[in-house]
Amino acid sequence: MKNDIEDKILASYVGFAIGDALGATTEFMTPREVASDYGVHDKIIGGGWLKLKPGRVTDDTEMSLALGESIIQSGGFNLHSVGDHYVTWMRSKPVDIGSTVRKGVRDYMLKGVTEQPESDMAAGNGAAMRNLPLVIYCLKKWGYFEQMTRLQSHLTHNNKKSDLITLCFGEMTKIMLETGDKLKALKLANRLIKINPKFSYSRYRGEASGYIVDTFKTVMHHFSDSTSFEETLVRVVNQGGDADTNGAIAGMLAGALYGYDSIPTKWTKKIDQKVLRDIEKQTKKLLELPVRYNDEISNCEST
Ligand code: MN
Ligand code: MN
């Protein structure tokens, strides 16, 4: 039987994939369009602008799995391996790929660029949407989380807001996995808002685009006001906009807080079962693997 924290870690990753699959149906819609087409959208039925099969996940979950796989195959974090895994994913003709991600992965593939120049244009949520494997991997040695997060992010998104929010989501997830304390996680977000008042979600007006600050507001507004996994996700994906990515990140937080039993079985049954198994396998391995940079491996093994 899984212990409590492992149960919540798995719930966080599975919750992420479920948010992706559920939200893909309403991506780029307005809340009014969602309401007129679905009433309340709360079933994994696929469709959407990508015309997905029910249960199919998108780039958010696929890039997360690529990052996790890179860490496992390298026996540690290696930026070139991360880049290589993103290239392999891009070559697999993914059902969706963002323009900033495509540019970054292409620059790595063609020119070996591992760090994009800092840019205001790179304030999309494309780095935040794939960072969960690093949260899981770094739980044992949290000191590595910030730098590894920045490195993997900057392959495509080198932007201060993206960094701050990606790190904040990761820290919040860790806090809830370890303590189950939602208030403590919300306080951490509030500290970030104090320094960056534009991140405030206290007067949320439905801004749900793929801009990282909108993602932060959407996820935080609905996560803070909800009392269950299901409520959190249903609220976020009915907001439309970047519903799959916002749903995925909300699922990551809500899974970490509420645990596996809180995920409705109507959703775990519908989600792509291969993805579910990959997530289970990957989570287990990420938890076992020592936290290190790949170039530390030889030192470790010779001693
Ligand atoms: Mn997506
Ligand atoms: Mn999206």
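Residues numbered from 1 in each chain as written. Chains lettered and ligands numbered in written order. Predicted model: local features only at pLDDT ≥ 70, side-chain atom pairs only at ≥ 80, totals over all residues. Heavy atoms only, no water.

Let us look at the coordination of the manganese ion (ligand 1). When four donors bind a metal tetrahedrally, each ideal donor-metal-donor angle is 109.5 degrees, and when six bind octahedrally, the ideal angles are 90 or 180 degrees. Each protein donor to the manganese ion (ligand 1) is listed here as Thr58 (OG1), Asp59 (OD), Asp60 (OD) and Asp244 (OD); together their distances run 2.0 to 2.3 Å. For the manganese ion (ligand 1), all donor residues lie on one chain, and their spacing in sequence is T-D-D-x183-D. Distance-wise, the manganese ion (ligand 2) is placed 3.5 Å from the manganese ion (ligand 1), both being coordinated by Asp244. One end of the pair, Asp60, is in helix α3 (residues 59-74); the other, Asp244, is in helix α12 (residues 243-258), with 184 residues separating them in the sequence. As far as burial versus exposure is concerned, Asp60 and Asp244 are alike and both buried. (Donors = N, O, S within 2.8 Å, 3.2 Å for Na, K, Ca; no water. Helix = DSSP H or I, 4+ residues; strand = E, 2+ residues; numbered from the N terminus. Buried < 20%, exposed > 50% of the residue type's maximum accessible area, 1.4 Å probe, protein only.)

Where helix α8 (residues 160-179) meets helix α10 (residues 212-225), the axes come as close as 9 Å, and the angle between the chain directions of the two elements is 25°. On the basis of their axis angle, the class for α8 and α10 is roughly parallel. Where α8 crosses over α10, the handedness of that crossing is left-handed. Between α8, through Lys161, Ser162, Ile165, Cys168, Phe169, Met172 and Met176, and α10, the contact on the second element is made entirely by Ile212, Val213, Thr215, Phe216, Val219, Met220 and Phe223. Looking at the contact of α8 with α10, its residues break down into 11 nonpolar, two polar and one charged. (Axes fitted to C-alpha atoms, helices over the stretch in contact; angles between N-to-C directions. Parallel < 35°, antiparallel > 145°, perpendicular 65-115°, else oblique. Left-handed = near helix turned anticlockwise from the far one by under 90°. Contact = heavy atoms within 4.5 Å. Nonpolar A, V, L, I, M, F, W, Y, C, P; charged D, E, K, R; others polar.)

Along the chain, His41 falls in the loop between α2 (31-38) and α3. A polar atom in the side chain of His41 sits 2.7 Å from the backbone oxygen of Leu22. Filtering out sequence-adjacent residues up to four positions away, His41 remains in contact with Leu22, Thr25, Thr26, Val34, Val234, Val237 and Asn238. (Polar contact = N/O pair within 3.5 Å; in protein donor to acceptor, adjacent residues only side chain to side chain.)

Here the focus is the environment of Pro197. Of note, Pro197 is situated in the loop between α9 (182-195) and α10. Judged by relative accessible area, which is 58%, Pro197 ranks as exposed. Here the alpha-carbon distance between Pro197 and Arg292, two residues 95 residues apart in the chain, equals 35 Å.

Among the secondary structure elements, Thr283 is positioned in helix α14 (residues 273-288). Its relative accessible area of 3% is what places Thr283 among the buried residues. Apart from residues no more than four positions distant in its own chain, Thr283 is found in contact with Ile9, Leu10, Tyr13 and Ile136.

We now examine α14. Taking 1.5 Å of rise per residue, the 16 residues of α14 would be expected to cover 22 Å, and the 23 Å separating its terminal C-alpha atoms lies within 8% of that figure. Buried within α14 we find Val275, Leu276, Ile279, Gln282, Thr283 and Leu286. Burial along α14 is one-sided: seen end-on, the buried residues are contained in an arc of 135°. Along α14, the residues that are exposed and aim more than 90 degrees away from the buried face are Lys284 and Glu288. (Expected span 1.5 Å × (residues − 1). Arc of directions from axis to C-beta.)

Moving on to the nonpolar core. Among the nonpolar cores identified, the biggest contains 89 residues, and Leu134, Tyr137, Cys138, Met148, Phe169, Met172 and Phe216 are the most heavily contacted of them. With 10 residues, the single largest contributor to this core is helix α1 (residues 4-23). Dropping the residues within four chain positions of it, Phe216 is found in contact with Ile165, Cys168, Phe169, Ala189, Leu192, Ile193 and Phe199. (Core = buried A, V, L, I, M, F, W, Y, C linked by side-chain atoms within 4.5 Å.)

Turning our attention to the packing of aromatic side chains. Within this structure, the stated rule accounts for seven aromatic pairs. Seen in terms of ring centroids, Trp142 and Phe145 are 4.2 Å apart; in terms of plane orientation they differ by 10°. Their pairing is stacked. Classification of Trp142 by relative accessible area gives buried; the value is 17%. By the ring-pair criterion, three or more aromatic residues cluster together here, those being Phe77, Tyr144 and Tyr293. The residue whose ring lies beneath Lys182 is Phe223, and the NZ or CZ to ring-centre distance is 4.9 Å. (Phe/Tyr/Trp six-rings, centres within 6.5 Å; stacked < 30°, edge-to-face > 60°. Lys NZ or Arg CZ within 6 Å of the ring centre and 35° of its normal.)

One non-glycine residue with positive phi stands out, namely Phe28, at about 70°. You can call Phe28 exposed: its relative accessible area is 54%. Positive phi outside glycine occurs at Lys51, with the angle close to 55°. Note that Lys51 resides in the loop between α2 and α3.

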